[in-house]
Amino acid sequence: MGLKKNLLHYKKNLFLGLLAISLFSCSALGQWWYDRLDVYLANYFFKYADFSNEQKTYVSSVTLDYLAWNSSSEIPKYRNLIIKIRALDETTTTKDIQKLFKEGESMFKASNDFFTPHIVRFTKTISETQVKEINLFFEERIKKWKESLDETKYQNPQEQIVKSTKRLARFLGVRLSEEQLITIKELSNKIVEPDTSYIESQDIWNRELISILRKRESQNFDVTLTNHLNGLLNFEGRGNRNLIYHEILARTIASLDEDQKKKFHKRLNFFISSLEKIIKNQK
């Protein structure tokens, strides 16, 4: 990952507020995928350590409850957010994009809030061996991020942002013009160095989590772990870099010509239709 991971973080940050939760709708198998979301979430969690059958049963039960909650409470919100994105036009400003991000972040936080009490309860059942396995998982992931960063450290961050934005635009059905790409590059020049602070921040957060897990018998464990888990949602941590990304999005959307807008709306309409099918099938 490395710099590539940083650019993926950029795309993740965009999709967080705009399209992340609806990515499953990109396929004709969207409903099939969504109906198995709980299984995918559970299997992802199982990578952290060798959990017992009882622990796996609990995780599977929680993720199944999450699917039911997400279907009834959150999917309609995702649909409404995409409708707001579809309404963006040549008057779009950075503040408009920031407003949408805030709305998307609140939805992300809602999912985090759903899982937090279950994670706190679950961690009381883990063994010291499992804590060590989780720690090893974290260390290996950080190591891979750093290795990938070393491999890409000589790449131009501005060029990478342009390429990333082009890929994102293609995903949304839009082929950017040379003039639009020049504007994106000019804006990205405000970013001098690739942002690598997320690796260090994540490593520190991981180490603190392991330290807390090793004190899971302490009286204040529930509060301490809850606060730590909530601390992972630091949407403001990228500061000026976020502002530049938002400006890139605003300027690009505002510059779309009629043909680009038509394709952009067609793509978003597909997302909306897919989400509406999921909403309908959950009733």
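Below, the structure is looked at part by part. For clarity, every value in this text was computed on a predicted model and none was experimentally measured.

Rules used in this analysis
- Residues numbered from 1 in each chain as written.
- Predicted model: local features only at pLDDT ≥ 70, side-chain atom pairs only at ≥ 80, totals over all residues.
- Heavy atoms only, no water.
- Salt bridge = Lys/Arg side-chain N within 4 Å of Asp/Glu carboxyl O.
- Helix = DSSP H or I, 4+ residues; strand = E, 2+ residues; numbered from the N terminus.
- Buried < 20%, exposed > 50% of the residue type's maximum accessible area, 1.4 Å probe, protein only.
- Core = buried A, V, L, I, M, F, W, Y, C linked by side-chain atoms within 4.5 Å.
- Contact = heavy atoms within 4.5 Å.

What to know about the pattern of salt bridges
Here comes step 1: Using the criterion set out here, one finds 13 salt bridges in the structure.
Here comes step 2: Between D259 and K263 there is a salt bridge, with its nearest N and O atoms 3.4 Å apart. Here K263 and D259 lie together in helix 12 (residues 258-281), a separation of 4 residues that amounts to about one turn.
Here comes step 3: For D259, a relative accessible area of 43% corresponds to the partly exposed category.
Here comes step 4: The class for K263 is partly exposed, based on a relative accessible area of 42%.
Here comes step 5: Three or more residues are tied together by salt bridges with common partners; here these are E90, E258 and K261.

Some points on the nonpolar core
Here comes step 1: If you look at the biggest cluster of nonpolar residues, it comprises 33 residues, and the most contacted ones within it are I85, I97 and F264.
Here comes step 2: Only helix 4 (53-86), helix 5 (94-123), helix 7 (157-171), helix 8 (178-188), helix 11 (239-254) and helix 12 provide two or more residues apiece to this core.
Here comes step 3: F264 has contacts with I85, L172, V174 and L256, leaving out every residue within four places of it along the chain.
Here comes step 4: One finds I126, F138, L209 and I212 within the second-largest nonpolar core, a separate group that totals 20 residues.

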